[in-house]
Structures are given as C-alpha cells and as structure tokens.
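Listed below are the residues making up each chain.
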Amino acid sequence: MSFCCYNSQKQLARNGVKGVIISTENVKARPETVLIDANSVYVVMTYDTIYDAVLGHTYWCHEVADAIKNQNTISNAWCKQITLKPRDENDPEYLEGVKIRADSFSY
C-alpha cells in the first residue's frame, strides 16, 4: 500500500522510524508532513514553503523516535495527542531509519 503520490502531489522526503513512516509531500502547492502507522495516516503539519517542509520533516523524524521511546504518544501541530502503533517488522511497509527517497529541489 502506497500513500504517495497523486497527480497533485510530489514526494519530498520519506523516512521510517521503528515502524512509523514519516512522509512529507507537496500537496497542491502546500507541503505537509504525515505520519503513517499500523492504524492510520495522521497529518501533523502543513507548511508555507518547501524549505520549511524539509526542516519540518527532520523535526518529525526526531519527534517520532522520541515518542517510540516514551509511550508512543506524540502531539501534532494542533496539540492533538496521537498514540502511534508501529507496524510489525514483517510488514512490507516497515522501515527502520532508512531514507528511501528525497527528491532534488531548489530554493
């Protein structure tokens, strides 16, 4: 199952941390970061620029890593609590700290 990309989307970066996928995409010229766990897809941040999205992507990778160490709970940009359920290691979408794609872009 792949969550990227529709015609109006461009994958900017995608990482996996302990069974949770962090995906940042340019959606209709409005970049956003989503977290994908075993249960759902959560939009955690929307950005004004691609530069902010790239910085935000790195931030969310660190936040997910910290959350996995501490009760699997994380807050999104709107202060909504999310309890992450990491994917099983046998899941074909499971990624552990492996960057699988980062498109080139200019500022």
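Everything that follows concerns the structure shown earlier in this document.
Residues numbered from 1 in each chain as written. Predicted model: local features only at pLDDT ≥ 70, side-chain atom pairs only at ≥ 80, totals over all residues. Heavy atoms only, no water.

## Quick word on the nonpolar core
What tends to happen in soluble globular proteins is that the nonpolar side chains get buried as a cluster. Using the following cut-off: The nonpolar core is taken to be a set of buried Ala, Val, Leu, Ile, Met, Phe, Trp, Tyr and Cys residues, with the residues joined through side-chain atoms within 4.5 Å. Throughout this description, buried means an accessible area under 20% of the type-specific maximum (1.4 Å probe, protein chains only), exposed means over 50%, and partly exposed covers the range between. A run of H or I in DSSP becomes a helix once it reaches four residues, and a run of E becomes a strand once it reaches two; helices and strands are each numbered from the N terminus. In this description, contact between two residues means that some pair of their heavy atoms is separated by no more than 4.5 Å.
Among the nonpolar cores identified, the biggest contains 16 residues, and Ile22, Leu35, Val64, Ile74 and Leu84 are the most heavily contacted of them. Secondary-structure elements contributing two or more residues to this core are strand 1 (9-17), strand 2 (20-27), strand 4 (41-46) and helix 1 (50-69). By residue number, the principal contributor to this core is helix 1, which donates five residues. In this structure leucine 35 touches Val20, Ile21, Ile22, Ser40, Val41, Tyr42, Val44, Val64, Ile74 and Leu84, once residues within four positions along its chain are discounted.

## Let's talk about the environment of serine 23
Filter applied, for reference: For this analysis, a polar contact is any N or O atom pair within 3.5 Å, provided that within protein one partner can donate a hydrogen and the other can accept it, and provided that sequence-adjacent residues contribute only side-chain to side-chain pairs.
Along the chain, serine 23 falls in strand 2. A C-alpha to C-alpha distance of 6.0 Å links serine 23 and alanine 13, two positions 10 residues apart in sequence. Residue contacts for serine 23: discarding those within four places in its chain leaves Gln11, Ala13, Arg14, Glu32, Thr33, Val34, Ile36 and His57. Side chain to side chain, serine 23 and glutamine 11 meet in a polar contact 3.0 Å long.

## A short note on helix 1
This is how it is decided: Expected helix span is given by 1.5 Å per residue-to-residue step, counting one fewer step than there are residues. Think of it as the arc spanned by the lines of direction from the helix axis to the C-beta atoms.
Here helix 1 is 20 residues long and its end C-alpha atoms lie 29 Å apart, about the 28 Å a rise of 1.5 Å per residue gives. The complete set of buried residues in helix 1 reads Ala53, Gly56, His57, Trp60, Cys61, Val64 and Ala67. All buried residues of helix 1 project into a common sector of 155° when viewed along the axis, lining one side. Seen from the buried face of helix 1, the exposed residues on the opposite side, beyond 90 degrees, are His62 and Lys69. At the exit of helix 1 stands glutamine 71, carrying a positive phi of roughly 75°.

## Details of unusual backbone geometry
The phi torsion at glutamine 71 lies on the positive side, around 75°, for a residue other than glycine. Following the sequence through the fold, glutamine 71 ends up in the loop between helix 1 and strand 5 (73-75). By relative accessible area, glutamine 71 is classed as exposed at 69%. For asparagine 72, which is not glycine, the phi torsion reads 65° and is therefore positive. By the element assignment, asparagine 72 lies in the loop between helix 1 and strand 5.

By themselves, these observations are geometric and do not establish any function.
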